[in-house]
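Each chain, written out:
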Amino acid sequence: MPDDTACLRRLERLGVKAEPVAPLADGMCGAARPLRVTELPDGVPLAPAATLTCVAAEALGRWSTEVRVIAERTLSKAPQKVQIGGSYECRGQNHDPAAKLSEHAYANGVDVMGFVFEGRAPVTVGATREGTPEAAFEAAVRARACSFFRTVLGPGSDAAHANHLHLDERERTAGHRLCQ
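Residues numbered from 1 in each chain as written. Predicted model: local features only at pLDDT ≥ 70, side-chain atom pairs only at ≥ 80, totals over all residues. Heavy atoms only, no water.

Applying the stated criterion across every chain yields a total of 1 cavity of 30 Å³ or more. Of the voids in this model, the largest cavity is the one considered here, and its volume is about 70 Å³. Considering only residue class, the lining of the largest cavity consists of 6 nonpolar, 2 polar and 2 charged. (1 Å grid on protein atoms, 1.4 Å probe; cavity = no way out; pocket = protein on both sides within 12 Å on 5 of 7 lines; lining within 4 Å. Points joined across faces, edges and corners; volume = space filled by probe spheres on them. Nonpolar A, V, L, I, M, F, W, Y, C, P; charged D, E, K, R; others polar.)

Here is the structure:
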């Protein structure tokens, strides 16, 4: 069982609001020390809250600080909210019961559906028009996610990821990352 003390301290320093929840156990699925993550740095809420391991929560928090910088540069506004499609869920990859378990099954993955801004339309993943500032923002935050997460999938990866960014911390051989 991981000792998350150092990770929890890093979350606190980052400004991520998260509280421990009861261990998750459902057959092969589960997480020993899950967190309910409600807010990212700079007071940006997750809607709804995400159930994640500390490592995944830390990656999300670190990435979100970059998302803010990219948003301010490309859209002249910082996000007010991050829309979450899913976090912990005991299921196979791409919702296929025959597939190997998704990182969602270990509270190690999160699906980001979009970003809400004050005074402008939300940026919904997969719904931006090519050549627009919103499309540039989406492409930049997706590319930046590859520095923080071991897996980044989104529109164009496959049909299952056409409307969200799937971000996870799956351990792979020799530290390999999947960024599509």
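There is more to say after this.
Attention now goes to the nonpolar core. Grouped together as the largest cluster of nonpolar side chains are 38 residues, with contacts concentrated most on L60, W63, F115, F137, F149 and L167. Elements supplying a minimum of two residues to this core: α1 (5-14), β4 (35-40), β5 (44-52), α2 (54-75), β6 (81-86), β7 (109-117), α3 (133-145) and β10 (165-168). If sequence neighbours within four positions are ignored, F115 has contacts with W63, V67, P79, K81, V82, Q83, P122, V123, F137 and V141. (Core = buried A, V, L, I, M, F, W, Y, C linked by side-chain atoms within 4.5 Å. Buried < 20%, exposed > 50% of the residue type's maximum accessible area, 1.4 Å probe, protein only. Helix = DSSP H or I, 4+ residues; strand = E, 2+ residues; numbered from the N terminus. Contact = heavy atoms within 4.5 Å.)

Let's shift gears to the state of the cysteines. In a disulfide, the sulfur atoms of two cysteines are covalently bonded to one another. Taken as a whole, this structure holds 3 disulfides when the rule is applied. Here C7 connects covalently by a disulfide to C54, the sulfurs 2.1 Å from one another. Around the S-S axis, the bridge from C7 to C54 shows a dihedral of about -100° and counts as left-handed. Taken together, the residues span a long stretch of sequence, with C7 in helix α1 and C54 in helix α2 at a distance of 47 residues. Taking relative accessible area as the criterion, C7 reaches 6% and is therefore assigned buried. The disulfide partner of C146 is C179, and the S-S distance across this bridge is 1.5 Å. Between C146 and C179, the S-S dihedral sits near 40°, and the bridge is therefore right-handed. Of this pair, C146 sits in the loop between α3 and β9 (151-153) while C179 sits in strand β11 (residues 178-179), placing them 33 residues apart in sequence. Exposure remark for C146: the relative accessible area of 18% places this residue in the buried category. The connectivity of the disulfide-linked cysteines in the protein, indexed sequentially, is 1-3, 2-4, 5-6. (Disulfide = S-S within 2.5 Å.)

Glancing now at the layout of surface pockets. Estimated volume of the largest pocket: approximately 360 Å³. Looking at the largest pocket, it is lined by 24 residues, and the ones nearest its centre are Q93, N94, L153, H161 and H166.

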